[in-house]
Amino acid sequence: MLLRAVLLALQALQLAGALDLPAGSCAFEESTCSFDSVLAFLPWILNEEGHYIYVDTSFGKQGEKAVLLSSDLQAEEWSCLRLVYQITTSSESLSDPSQLNLYMRFEDESFDRLLWSAKEPSDSWLIASLDLQNSSKKFKILIEGVLGQGNTASIALFEIKMTTGYCIECDFEENHLCGFVNRWNPNVNWFVGGGSIRNVHSILPQDHTFKSELGHYMYVDSVYVKHFQEVAQLISPLTTAPMAGCLSFYYQIQQGNDNVFSLYTRDVAGLYEEIWKADRPGNAAWNLAEVEFNAPYPMEVIFEVAFNGPKGGYVALDDISFSPVHCQNQTELLFSAVEASCNFEQDLCNFYQDKEGPGWTRVKVKPNMYRAGDHTTGLGYYLLANTKFTSQPGYIGRLYGPSLPGNLQYCLRFHYAIYGFLKMSDTLAVYIFEENHVVQEKIWSVLESPRGVWMQAEITFKKPMPTKVVFISLCKSFWDCGLVALDDITVQLGSCSSSEKLPPPPGECTFEQDECTFTQEKRNRSSWHRRRGETPTSYTGPKGDHTTGVGYYFFFEASHMVYGQKARLLSRPLRGVSGKHCLTFFFYMYGGGTGLLSVYLKKEEDSEESLLWRRRGEQSISWLRALIEYSCERQHRIIFEAIRGVSIRSDIAIDDVKFQAGPCGEMEDTTQQSSGHSEDLNEIEY
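Keep in mind that this is a model prediction, so the values were computed, not measured.

## Observations regarding the overall build of the chain
Working step 1: Secondary structure summary: the chain contains 1 helix and 43 strands in total.
Working step 2: Sequence-distant contacts in the chain: of pairs separated by 6 or more residues, those separated by 24 or more amount to 80%.
Working step 3: With the model as given, the accessible surface of the chain reaches about 31,600 Å², and the carbon-plus-sulfur share is 50%.

Below you can see the structure in the form of structure tokens.
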């Protein structure tokens, strides 16, 4: 009955707006509008009675896809894309449910950007809201349904709607309430007021939007309260793009009541922050509230009413809107996380040291058995503490980062490597320095990890006061003093775990989860292998991956092959587009018998392959960065080919592959400076 009621309500909404749907929208009443099923995959089926499209296991089997592609779209103003959908599955197949993915396909990129993904089964229609930042670039919306396990797996789309404005805005005139949801409370909740629904217990207002009884708004009424201190929450959709400005809304509080009406933000980690509270009941008219709102990372807005006394009454809410202009002409500047990041290739960026003397030294070394190259490119700069110039008992080196505004959540990531210490614990630690209180708090310290390997650390923190991050290297005694290396410090707004909620974009692969979209072209026993840690053969291959030091990479194992055998790793088909592309990846070619690593481009329906890049022989005892700029206007694949050298010490590894639209820019291919043989090619166009 609940599903039928929701379906009828949504049908009424569709009929009201079906005649005038904006571009990028479809109600699926009689057709799929400007959306078409991609012929290479399963088709989306239009329900016989209209109202929705679907794909299920009666037309396909587990793992098969149905892809829906829009016509060309453009969002020159900030827009909100809403998707009404449902995923169903049988109870025995919950471990491998169906999945619904939404991508943006830009005209100048050969891969699709994943915006949103869901696989939670539901017995009712759900709403996803996605903020699309304004851009002059044309794009298409691509919706991909992947069938899961079970005989009754299905995915259905009821509506796609793209409108100008922000997803947290709402006048509550549409039945889906703009994706706002009520946190269910058995006694007291937010309800839709106005229209043909009248409440006999309270004298509720006319809505603010139309100033009539036919308009709608949200309200919560204490007549349903059974216990004091009960709470009703109305929760907005999660923001999906950084935004800052003025959030405004209209509200009414019945005079003389004991309700507390507050506005909170809540991030993906569940942290609440109160940003507004009604300071007086107000009058019988609608009151305007304007609240400074800053969402640099995904968060929800929560309208909360707490019932704290015996005096009843209602709270009403209407016309939530947002402006990127700050409230009351404030000119607060958004913090740029780039200012707190540094790869040390040019200088120390905004980092600085104690005035007592340089404890950290910016160095550039040729990789050798005792010291790896930098993490950024393999042959660039990084910071080194406790060098032979500063090594002394009780030595402490402090590196201070720039000031970070308070009351924001930060994700700090950096790479470090430890050399020579007998006891590694506390040789490197990270502190938070609260400027106003001159208080230092340790938030991370190294324990035990592989020596001489670049390791990644990541820390999420949030402090109410402005803070600085301090990296401290400690040399406890003359007999136990080694080297501490530091590189690629990045600061991002939001939790470090928030980036794990979506799979990596198709244009990037770190091999941490799987092979991404790469496939093998197997020849006999020769193949690429996904591995972590050291390669099986001594004196060849890396000690750890490039991404985290303890993660996965792909490598070519030479022990089971003979001289000249090859293994090939193929990318998924990439769309041909006009303009430049930049392919970056890291490679490891160390060992006395190292053979050949080549990168080819193979165009669709062509038998010939074009060589883009090649390295021959031992290159370095370090991960090195490769940059390849190319153009191709036809569908194509990128192929990594490794050929075994003269001995079993011929392992070759790759990691952190990334395709980017546009030229490689100012990034110099520093691998050309390596000690091994290389065959450098000029930029090639096809």
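## Looking at the packing of aromatic side chains
Working step 1: This structure, assessed with the given rule, holds 43 aromatic pairs.
Working step 2: Aromatic side chains F249 and Y251 sit 6.2 Å apart centroid to centroid with 50° between the ring planes, which places their arrangement in the tilted category. Like Y251, F249 is buried.
Working step 3: Taken together, the ring pairs connect F511, F518, F554, F585, F587, W613 and F640 into an aromatic cluster.
Working step 4: One cation-aromatic arrangement involves K137 over F106; the distance from NZ or CZ to the ring centre is 4.6 Å.
Working step 5: Above the plane of the ring of Y552 lies R530, whose end atom (NZ or CZ) is 3.8 Å from the centre.

## A closer look at the pairing of strand β3 (residues 53–56)
Working step 1: Along β3, one buried face is formed by I53 and V55 and the opposite face, lined by Y54 and D56, is buried too.
Working step 2: Pairing geometry for strand β2 (residues 45–46) and β3, over 2 bridges, is antiparallel. Each bridged residue has a counterpart across the sheet, and for L46 the counterpart in β3 is I53.
Working step 3: Taking the residues that link successive antiparallel strands as the turn, the β2-β3 hairpin has 6 residues, and the phi of G50 there is positive, at about 80°.
Working step 4: Pairing geometry for β3 and strand β10 (residues 154–164), over 4 bridges, is antiparallel. From the neighbouring strand, V55 faces β10, where its bridge partner is I155.

## As for the side chain of D267
Working step 1: Among the secondary structure elements, D267 is positioned in strand β16 (residues 259–267).
Working step 2: The side chain of D267 is buried and forms no salt bridge, while K462, the nearest opposite charge, is found at 4.8 Å.
Working step 3: Among the polar contacts made by the side chain of D267, one reaches the main-chain amide nitrogen of A269 at a distance of 3.0 Å.
Working step 4: When neighbours within four sequence positions are excluded, D267 is seen to be in contact with Y297, P298, M299 and Q409.

## Overview of the state of the cysteines
Working step 1: In this structure the tally under the stated criterion is 8 disulfides.
Working step 2: With a sulfur-sulfur separation of 2.0 Å, C342 is cross-linked through a disulfide to C349. Its S-S torsion of approximately 70° makes the covalent link between C342 and C349 right-handed.
Working step 3: Note on cysteine connectivity: C411 is disulfide-linked to C496, with sulfurs 2.0 Å apart. Between C411 and C496, the S-S dihedral sits near 105°, and the bridge is therefore right-handed. Linking C411 in strand β25 (residues 409–419) with C496 in the loop between β30 (483–493) and β31 (508–509), this pair joins segments that are 85 residues apart in sequence. An identical accessibility class is assigned to C411 and C496; each is buried.

## Re the environment of T490
Working step 1: As for its placement among the helices and strands, T490 is situated in strand β30.
Working step 2: A relative accessible area of 31% places T490 in the partly exposed class.
Working step 3: Sequence separation of T490 and V338 is 152 residues, and the distance between their C-alpha atoms is 7.5 Å.
Working step 4: Discounting residues that sit within four places of it in the chain, T490 has contacts with S341, C411, L412 and R413.

## What about the pairing of strand β35 (residues 566–570)?
Regular strands show a simple pattern: their side chains alternate between the two faces of the sheet.
Working step 1: The element β35 is extensively covered by neighbouring structure, given that 4 of its 5 residues are classed as buried.
Working step 2: Relative to β35, strand β32 (residues 519–521) is paired through 3 bridges, and the arrangement is antiparallel. Directly across from T519, in β35, lies its bridge partner L570.
Working step 3: Bridge count for β35 against strand β40 (residues 636–643) is 5 bridges, and the pairing is antiparallel. Each residue of the ladder has a partner; that of K566, found in β40, is I643.

## Some words on the sheet that holds strand β13 (residues 216–221)
Working step 1: Taken together, 5 strands build an open sheet; the order of strands is β12-β13-β20-β15-β18 and the sheet is antiparallel. Each edge of the open sheet is held by one strand with a lone partner, namely β12 (191–194) and β18 (287–295). Here the strands of the sheet are splayed against their neighbours by 40° on average, with no regard to which way each runs.
Working step 2: Alignment of strand β15 (residues 243–253) against β18, held across 9 bridges, turns out to be antiparallel. Looking at β18, one finds that F249 is bridged to A289.

## Side note on the pattern of salt bridges
Working step 1: Under the definition given, this model contains 17 salt bridges.
Working step 2: As a salt-bridge pair, R113 and E109 come within 2.5 Å of each other at their nearest N and O atoms.
Working step 3: By relative accessible area, R113 is classed as partly exposed at 37%.
Working step 4: Overall, E109 belongs to the buried group, its relative accessible area being 3%.
Working step 5: R266 is the partner of E300 in a salt bridge, and the nearest nitrogen-oxygen pair spans 2.8 Å. With E300 in strand β19 (residues 299–307) and R266 in strand β16, the pair connects residues that are 34 residues apart, well separated along the chain. Just as E300 is buried, R266 falls in that class too.
Working step 6: Residues joined in a network through salt bridges with shared partners are D108, E109, R113 and K137.

## Remarks on the sheet that holds strand β6 (residues 99–106)
Working step 1: Taken together, the 5 strands give an open sheet; going across it, the order is β1-β4-β9-β6-β7, and neighbouring strands pair in antiparallel fashion. Only two strands of the sheet have a single neighbouring strand rather than two, namely β1 (36–37) and β7 (113–118).
Working step 2: When β1 meets strand β4 (residues 65–69), the two strands line up antiparallel, connected through 2 bridges. Among the inter-strand pairings, D36 is bridged to a residue of β4, identified as L69.

Reading guide: rules and limits
Residues numbered from 1 in each chain as written. Predicted model: local features only at pLDDT ≥ 70, side-chain atom pairs only at ≥ 80, totals over all residues. Heavy atoms only, no water. Helix = DSSP H or I, 4+ residues; strand = E, 2+ residues; numbered from the N terminus. Contact = heavy atoms within 4.5 Å. Areas by Shrake-Rupley, 256 points an atom, 1.4 Å probe, with all protein chains shown as cover. Phe/Tyr/Trp six-rings, centres within 6.5 Å; stacked < 30°, edge-to-face > 60°. Buried < 20%, exposed > 50% of the residue type's maximum accessible area, 1.4 Å probe, protein only. Lys NZ or Arg CZ within 6 Å of the ring centre and 35° of its normal. Pairing = 2+ DSSP bridges. Lys, Arg positive; Asp, Glu negative; His and termini not counted. Salt bridge = Lys/Arg side-chain N within 4 Å of Asp/Glu carboxyl O. Polar contact = N/O pair within 3.5 Å; in protein donor to acceptor, adjacent residues only side chain to side chain. Disulfide = S-S within 2.5 Å. Axes fitted to C-alpha atoms, helices over the stretch in contact; angles between N-to-C directions.

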